[in-house]
Structures are given as structure tokens and as C-alpha cells.
Amino acid sequence: MHELAITRNIVTLVSEAAAGRRVTRVTLEIGKLSGVMAEAIEFCFDVVARGTALDGAALEIRLIDGAAQCRDCGREFPTETLFTRCPCGSRQTVRLRGEELNIKSMELEEAA
Ligand SMILES: [Zn+2]
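Residues numbered from 1 in each chain as written. Predicted model: local features only at pLDDT ≥ 70, side-chain atom pairs only at ≥ 80, totals over all residues. Heavy atoms only, no water.

A. Seen up close, the overall build of the protein chain. Scanning the protein chain from terminus to terminus reveals two helices and six strands. Each helix and strand of the protein chain, placed in order from N terminus to C terminus, yields the pattern α-β-α-β-β-β-β-β. For a compact globule of 112 residues, the expected C-alpha radius of gyration is about 13 Å, and the protein chain comes in at 17 Å, more than 25% above that figure. Once the C-alpha set of the protein chain is aligned to its principal axes, its extents read approximately 60 × 30 × 15 Å. As displayed, the protein chain has an accessible area near 6900 Å², and 49% of this comes from carbon and sulfur atoms. When the 14 positive and 17 negative side-chain charges of the protein chain are each reduced to one mean point, those points stand 5 Å apart. (Helix = DSSP H or I, 4+ residues; strand = E, 2+ residues; numbered from the N terminus. Rg over C-alpha atoms; globule rule 2.2 N^0.38 Å. Areas by Shrake-Rupley, 256 points an atom, 1.4 Å probe, with all protein chains shown as cover. Lys, Arg positive; Asp, Glu negative; His and termini not counted. Charge placed at Lys NZ, Arg CZ, Asp CG, Glu CD.)

B. Quick peek at the sheet that holds strand β4 (residues 76-79). Pairing is antiparallel in the open sheet, where three strands are placed in the order β4-β3-β5. Of all strands in the sheet, those bounded by a partner on one side alone are β4 and β5 (93-97). Going across the sheet, the axis of each strand differs from the next one's by a mean of 35 degrees, ignoring polarity. Examined bridge by bridge, strand β3 (residues 66-70) and β5 share four bridges and lie antiparallel to one another. Paired with A68 across the bridge in β5 is R95. (Pairing = 2+ DSSP bridges. Axes fitted to C-alpha atoms, helices over the stretch in contact; angles between N-to-C directions.)

C. Inspection of the coordination of the zinc ion at higher detail. The zinc ion binds to the protein through C70 (SG), C73 (SG), C86 (SG) and C88 (SG); the donor distances cover 2.3 to 2.4 Å. Around the zinc ion, the four donor atoms sit at angles spanning 102 to 119 degrees, and that spread fits a shape best called tetrahedral. Read N to C, the donor residues that coordinate the zinc ion are spaced as C-x2-C-x12-C-x1-C. (Donors = N, O, S within 2.8 Å, 3.2 Å for Na, K, Ca; no water. Tetrahedral: all angles 85-135°; square planar, octahedral: opposite > 155°, others 65-115°.)

D. Expanded view of the nonpolar core. Counting 21 residues, the largest nonpolar core has V23, I41 and L54 as the members making the most contacts within it. Counting only elements with at least two residues in this core, the list comes to α1 (2-18), β1 (23-31), α2 (38-49) and β2 (58-64). If you tally residues by element for this core, the top one is α2, at six residues. In contact with L54, not counting residues within four places along its chain, are V11, V14, S15, V23, V26, F45 and A49. (Core = buried A, V, L, I, M, F, W, Y, C linked by side-chain atoms within 4.5 Å. Buried < 20%, exposed > 50% of the residue type's maximum accessible area, 1.4 Å probe, protein only. Contact = heavy atoms within 4.5 Å.)

None of the figures reported here should be taken as evidence of function without further support.
The structure is reproduced here in C-alpha cells:
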């Protein structure tokens, strides 16, 4: 399962960044065109986090809408799929948003 591997990567990266402190919250940004299922990440997270610095941490996922810019008319427009045409009819588009998978932020437990 793709999302299980992604979740493991996220947990590993955040654990390393936390450098021994407990993580209380992780915020991810997932583009709607990334092909990554946010529900599946949520489903995997608690299990993958168990026994790590992220055990019991809250997971927040922000979905990013797809957007592209047209090379022909310069217009920026929302995209539901990777192959959406510009409203002017052009297929010459550049993706601006929607494919990201970012660890946006993490919150650490206050040092005792
Ligand atoms: Zn256009």
C-alpha cells in the first residue's frame, strides 16, 4: 500500500526533526492531484506512529486544490484533474498547485 510507505516516511522525518522530544501535532499539506489518499494516511498514522515520538500525536491534513496557469493566455484556473484544459481551450498549461505532499508543521511537547 502506497500510503503506508508515505506515512512511514513522514513519521521517520518528523521523528528525526523532533530530536528526542515528543510530537503533539503534525500538519500535512496534500494536493488533491497528488494521487495520495488523505483518508488512507489518517488510517495508517496511528498504527505507524505507535512507539515513536509521534505516538498519540494529532494529525491535521490540509487539502490543496489543484491550480494551473495557461501558457497561451496567462490565465490561472482551478484544475480538477491533471489534464484540465484552460477555459480558452489551450492544453499548454503549467501546474501551480495540487501535487504537493508537504510536512507543513509540527508541534512539540514543552520541555519539562
Ligand atoms: Zn488559456
